[in-house]
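So you can see what is in the structure, the chains are spelled out below.
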Amino acid sequence: MTDWLNAVDGFIWGPFLLIPLLLGTGIYLTIRLGGLQFLKLIPALRLAFIKRTEFGAAGDISHYQALATALAATVGVGNIAGVATAIHLGGPGAVFWMWLTALFGMAAKYSEAFMGVRFRTTDARGQISGGPQWYLKRAIPGGLGLVLSIAFAVFAILASFGIGNMTQSNTVAAVVDDQFGVTPWISGLVLMVFTGLVLIGGIKSIARVTSAVVPSMIILYVVAALVVLVLNIGAIPDAFAMIFTDAFTGTAAAGGFLGAAIAQAIQFGVARGIFSNESGLGSAAIAAAAAKTQHPVRQGLVSMTQTFIDTIIVVTMTALVIVSTGAWQSDNSGATMTSEAFSEGLPGEWGSLIVTLAVVFFASSTVLGWAYYGERCAQRLFGTKSIIVYRVVFTLIVFVGATTELATVWTFSDIMNGLMALPNLVGLLICSGLIARETKAYLRRDPDLLNPPPGSTLDGIGEWESSGRG
């Protein structure tokens with residue numbers, strides 16, 4: 001089974017399927033949108049963190065809460081263990097490909113969030129529901145849209161138990177056991193109870209927790225990383241140089257001939273980059289759809305900042321600490337390598353303690369974000385009554401993940417990530433004309449995202465549908 005999963009994973013994330021599709025889609029959308037992610041990043045950050053809320057707009061949660069929920073799901077183990085794994089298997093050059101994936105992935109993240117709001121709907125309980133599981137069906141006519149939407153929903157539910165649950169709780173249990181000697185079943189029980197209590201309140205409860213926890217944990221982690229980098233400031237230029245040169249020469253720890261080393265850097269950089277920021281995956285569109293916003297362009301731009309924060313800031317901090325301290329040359333991998341790097345850079349036990357706390361908070365919030373993604377997809381396939389069943393099962397699986405060896409679950413998670421991305425990327429390419437046309441039309445009227453034009457309010461089932469554009 002392990003060999004078979006590895007073979008499938010290698011094909012999906014190999015040079016002939018997902019890697020060119022992800023990069024190609026990001027580049028294509030960047031061109032069609034006129035480099036939106038570079039030109040509108042500052043206004044988008046201002047809207048996300050300063051304005052935060054659009055009063056009177058339809059939706060369940062604010063701009064900021066939608067961003068925090070999506071960040072909670074993405075800023076997780078991938079930013080600590082995933083970066084280290086990419087460097088271990090692909091060399092420092094893998095970081096360059098993570099950056100490249102993120103820069104072009106911002107266009108994909110914008111597009112899927114735009115579509116999530118543009119085609120969102122209201123469920124039987126009066127809550128907003130949106131994401132690829134809806135917009136693929138509603139935006140693409142005929143059987144193709146239906147098949148793509150169902151495929152995404154199925155793969156997203158399966159992925160939620162892997163990337164969004166078992167791998168997270170398992171990593172928490174492992175690092176807490178290593179740092180404090182707490183047995184995994186105790187960590188699993190605590191995390192399971194915490195998850196269940198938060199999920200009872202649905203998206204509003206999840207948003208309240210993540211909007212309070214996520215900024216604090218990111219700031220703590222980034223500040224700690226900056227301290228390490230200041231103490232090792234002389235090694236930073238060489239670290240950057242190594243990342244850029246190894247991207248095209250390859251010095252993977254696994255060795256091998258030149259072409260193979262470069263291929264490893266690309267493969268693991270792109271795969272772990274997507275594991276970290278989820279651009280093109282379609283998952284963040286589910287959280288974006290719940291936002292109170294007056295136009296899909298506005299929330300799309302807010303959601304786009306998630307990839308910038310996740311990869312260009314947090315992943316870069318982790319990578320520079322690992323490379324500048326020389327920890328990347330050790331035999332360790334994953335969170336252990338990152339912990340070693342911080343321990344090298346900080347006095348006493350502070351390094352390993354900070355990494356442990358970061359893993360606990362990052363992973364716990366990721367579980368909450370993915371629980372919402374999974375329940376929205378379950379609701380799409382099986383109706384509103386399935387939500388409570390999904391929440392119960394998801395909560396119980398948290399404990400299973402914490403107390404079980406998960407060698408194959410990581411590979412399974414990579415596969416489900418890839419299978420989720422496929423229908424979403426195909427849908428974004430098909431709908432790219434719609435996305436580009438309506439984006440440019442809106443930004444001509446409100447280029448700085450300051451004053452939404454009159455009559456631009458979107459509730460997902462109102463004005464846009466009645467005008468024939470829904």
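Residues numbered from 1 in each chain as written. Predicted model: local features only at pLDDT ≥ 70, side-chain atom pairs only at ≥ 80, totals over all residues. Heavy atoms only, no water.

**Observations regarding the overall build of the protein**
Logical step 1: Per the secondary structure count, the protein includes 21 helices and 2 strands.
Logical step 2: In terms of overall dimensions, the protein is globule-like: its C-alpha atoms have a radius of gyration of 21 Å, near the 23 Å expected for 470 residues.
Logical step 3: For the protein, the spread of C-alpha atoms along the principal axes amounts to about 60 × 45 × 45 Å.
Logical step 4: Within the span of the protein, comprising 470 residues, buried residues form 61% of the whole. (Helix = DSSP H or I, 4+ residues; strand = E, 2+ residues; numbered from the N terminus. Rg over C-alpha atoms; globule rule 2.2 N^0.38 Å. Buried < 20%, exposed > 50% of the residue type's maximum accessible area, 1.4 Å probe, protein only.)

**Overview of the packing of helix α15 (residues 296-324) against helix α16 (residues 334-345)**
To describe two helices that pack against each other, one gives the angle between their axes and the distance between the axes.
Logical step 1: Their axes nearest at 9 Å, the elements α15 and α16 cross at an angle of 70 degrees. The orientation of α15 with respect to α16, classified from their angle, is roughly perpendicular. Relative to α16, α15 is oriented so that their crossing is left-handed. The segment α15 lies against α16, with Thr318, Val321 and Ile322 engaging Met337, Thr338, Ala341 and Phe342.
Logical step 2: In terms of residue class, the contact of α15 with α16 is made up of 5 nonpolar, 2 polar and no charged. (Axes fitted to C-alpha atoms, helices over the stretch in contact; angles between N-to-C directions. Parallel < 35°, antiparallel > 145°, perpendicular 65-115°, else oblique. Left-handed = near helix turned anticlockwise from the far one by under 90°. Contact = heavy atoms within 4.5 Å. Nonpolar A, V, L, I, M, F, W, Y, C, P; charged D, E, K, R; others polar.)

**Concerning the nonpolar core**
Nonpolar side chains in soluble globular proteins tend to be buried together.
Logical step 1: Counting residues in hydrophobic clusters, the biggest one holds 140 residues, and the most contacted among them are Tyr110, Met115, Leu301, Phe342 and Tyr373.
Logical step 2: The leading source of residues in this core is helix α17 (residues 350-382), at 14 residues.
Logical step 3: Excluding anything up to four places from it in sequence, Met115 contacts Tyr135, Ala139, Leu428, Cys431, Leu434 and Ile435. (Core = buried A, V, L, I, M, F, W, Y, C linked by side-chain atoms within 4.5 Å.)

**Looking at the confidence of the model for the protein**
Logical step 1: When the pLDDT values of the protein are averaged, the result is 85; 91% of them are 70 or greater.
Logical step 2: Averaged pLDDT values over the elements of the protein bottom out at 38 in helix α21 (residues 463-466) and peak at 96 in helix α8 (residues 132-139).
Logical step 3: Note on residues 252-258: pLDDT under 50 across the span, and 9 contacts to partners over four residues away in sequence or across chains. (pLDDT = per-residue confidence, 0-100.)

**Some points on helix α1 (residues 2-12)**
Logical step 1: Among the residues of α1, Leu5, Asp9 and Ile12 are the ones counted as buried. Within α1, the buried residues cover an arc of 65 degrees as seen down the axis, which keeps them to one side. The exposed residues of α1 that point more than 90 degrees off its buried face are Asp3, Trp4, Ala7 and Phe11.
Logical step 2: For α1, the secondary structure elements touched by its buried residues are α2 (18-32) and α19 (407-430). (Arc of directions from axis to C-beta.)

**As for the pattern of salt bridges**
Logical step 1: Inspection of the entire model under this criterion finds 4 salt bridges.
Logical step 2: Glu438 is paired through a salt bridge with Arg118; the nearest N and O atoms lie 2.8 Å apart. With Glu438 in helix α20 (residues 432-445) and Arg118 in helix α7 (residues 93-118), this pair connects stretches of sequence that are 320 residues apart.
Logical step 3: For Glu438, a relative accessible area of 11% gives the class buried.
Logical step 4: In this structure, Arg298 engages Asp446 in a salt bridge whose closest nitrogen and oxygen atoms are separated by 2.9 Å. Here the residue Arg298 occupies a position in helix α15, and Asp446 occupies one in the loop between α20 and α21, the gap between them amounting to 148 residues. (Salt bridge = Lys/Arg side-chain N within 4 Å of Asp/Glu carboxyl O.)

**Remarks on the packing of aromatic side chains**
Logical step 1: Applying the stated criterion to the full structure yields 13 aromatic pairs.
Logical step 2: Their ring planes at 50 degrees and their centres at 5.7 Å tell us that Trp99 and Phe244 sit as a pair that is tilted. Note that Trp99 is positioned in helix α7 and Phe244 in helix α12 (residues 236-249), a separation of 145 residues in sequence.
Logical step 3: A relative accessible area of 39% means that Phe244 is categorised as partly exposed.
Logical step 4: Both rings, one in Tyr221 and one in Phe342, keep their centres 5.4 Å apart while their planes meet at 40 degrees; by these two values the pair is tilted. Of this pair, Tyr221 sits in helix α11 (residues 202-231) while Phe342 sits in helix α16, and the two are 121 residues apart along the sequence. Both residues of the pair, Tyr221 and Phe342, belong to the buried class.
Logical step 5: An aromatic cluster is defined as three or more aromatic residues linked by ring pairs; in this entry it consists of Phe96, Trp97, Trp99, Phe240, Phe244 and Phe248.
Logical step 6: Sitting over the face of the ring of Phe119, Arg118 holds its NZ or CZ atom 4.8 Å from the ring centroid.
Logical step 7: Over the ring of Trp134 we find Arg380, and its NZ or CZ is 5.0 Å from the ring centre. (Phe/Tyr/Trp six-rings, centres within 6.5 Å; stacked < 30°, edge-to-face > 60°. Lys NZ or Arg CZ within 6 Å of the ring centre and 35° of its normal.)

**Looking at the side chain of Asp310**
Logical step 1: Looking at the secondary structure, you find Asp310 in helix α15.
Logical step 2: Lys109 provides the closest opposite charge to the buried, salt-bridge-free Asp310, at an N-O distance of 7.5 Å.
Logical step 3: Those residues in contact with Asp310 that lie beyond four places of it in its chain are Thr74, Val75, Asn79, Ser276, Asn277 and Val315. (Lys, Arg positive; Asp, Glu negative; His and termini not counted.)

**Considerations on the environment of Trp13**
Logical step 1: On the secondary structure map, Trp13 appears in the loop between α1 and α2.
Logical step 2: Judged by relative accessible area, Trp13 falls into the buried class, the value being 1%.
Logical step 3: When the C-alpha positions of Trp13 and Gly130 are compared, they lie 27 Å apart, and in sequence the two are 117 residues distant.
Logical step 4: The contacts of Trp13, once residues within four sequence positions are left out, are Leu18, Ile19, Leu22, Gln267, Val270, Ala271, Ile274, Asp414, Ile415, Asn417 and Gly418.
Logical step 5: Within the structure, the side chain of Trp13 is placed 2.8 Å from the backbone oxygen of Asp414, a separation counted as a polar contact. (Polar contact = N/O pair within 3.5 Å; in protein donor to acceptor, adjacent residues only side chain to side chain.)

**Comments concerning the environment of Val223**
Logical step 1: Looking at where Val223 falls in the secondary structure, it is placed in helix α11.
Logical step 2: Sequence-wise, Val223 and Met317 are 94 residues apart; in three dimensions their C-alpha atoms are separated by 9.3 Å.

**Regarding helix α9 (residues 142-180)**
Logical step 1: Compared with the 57 Å implied by 1.5 Å per residue over 39 residues, the 56 Å span of α9 between its first and last C-alpha is a close match.
Logical step 2: Along α9, the sharpest kink reaches roughly 40 degrees, centred on Ala159.
Logical step 3: Positioned one or two residues after α9, Gly181 has a phi angle of 75 degrees, which is positive. (Expected span 1.5 Å × (residues − 1). Bend = angle between axes of the 7 residues up to and from the residue.)

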